[in-house]
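Each chain is listed here by its residues.
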Amino acid sequence: QAQLAESGGGLVQAGGSLRLSCAASGRTFSSATMGWFRQAPGKERDLVASITWDGGYPYLADSVKGRFTISRDNAKNTVYLQMNSLKAEDTAVYYCAACPGISVCWSRLVNSWGEGTLVTVSS
């Protein structure tokens, strides 16, 4: 299983941008479908974005479409989440996750989780 480490979280004003990174160790990254999840206080952990090994099937939750972009660099074993036009409701801990080579990295299919990085959006 891959080990995942997120970075890039922090405090940002509403309307601002952040880019999260997730560095993966292990040789399975290039074949894994990667996902970004988030969990706000008192809420469930939800899938925000997912990308297949070749980047050919990006998934974005309706709540972030048009604002967030997921991408990956297999040469660097890294997956990114670019977040623009941030809103207060985007405040959450963001988790990176790895799934076997499937189309979308749903939570029930995750085989590796990162520790999470906190994103706080002030209004």
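All figures in this text were calculated on a predicted structure; none of them were measured in a lab. Per chain, residues are indexed from 1 in the order of the written sequence. Owing to the predicted nature of the model, reporting of local features is limited to residues with pLDDT of at least 70; listing and counting of side-chain atom pairs is limited to 80 or more, with chain, interface and lining totals taken over all residues. Hydrogens and water are ignored here; the side-chain numbers use all heavy atoms of the structure.

Engineer: So what exactly am I meant to see when it comes to the nonpolar core here?
Structural biologist: In globular proteins that are soluble, nonpolar side chains generally tend to be buried together. The set of buried Ala, Val, Leu, Ile, Met, Phe, Trp, Tyr and Cys residues whose side-chain atoms join them within 4.5 Å is what this entry labels a nonpolar core. Throughout, exposure labels follow a simple rule: accessible area from a 1.4 Å probe, protein chains only, divided by the maximum for the residue type, with under 20% read as buried, over 50% as exposed, and the rest as partly exposed. Core analysis: the largest hydrophobic core is formed by 29 residues, its most contacted members being Met34, Trp36, Val79, Leu81, Met83 and Tyr94. Under the scheme used here, helices are H or I runs from DSSP no shorter than 4 residues and strands are E runs no shorter than 2 residues, and both carry numbers assigned from the N terminus. Elements with a minimum of two residues in this core: strand S3 (18–25), strand S4 (33–39), strand S5 (46–51), strand S7 (68–73), strand S8 (78–83), strand S9 (92–99) and strand S11 (117–122). Here, residues are in contact when the closest pair of their heavy atoms is within 4.5 Å. Ignoring anything within four residues of it in the chain, the contact list for Tyr94 reads Glu6, Leu20, Trp36, Phe37, Arg38, Val48, Phe68, Leu81, Met83, Gly116, Thr117 and Val119. Among the nonpolar cores identified, the runner-up in size contains eight residues, and Tyr95, Ala97, Val104 and Cys105 belong to it.

Engineer: Would you mind going over the pairing of S8 with me for this structure?
Structural biologist: Residues in a regular strand point their side chains to alternate faces of the sheet. For S8, the buried fraction is high: five of the six residues fall into the buried class. Strands were regarded as paired on the criterion that DSSP finds at least two bridges between them. Sheet topology places S3 next to S8; six bridges connect them, and they run antiparallel. Among the inter-strand pairings, Leu18 is bridged to a residue of S8, identified as Met83. Bridging between S7 and S8 involves six bridges; their strand directions are antiparallel. Residue Ile70 lies in a different strand from S8, and its bridge partner there is Leu81. Between the antiparallel neighbours S7 and S8 lie four residues, among them Asn77 with a positive phi of about 50°.

Function cannot be inferred from these measures alone, as they are strictly geometric.
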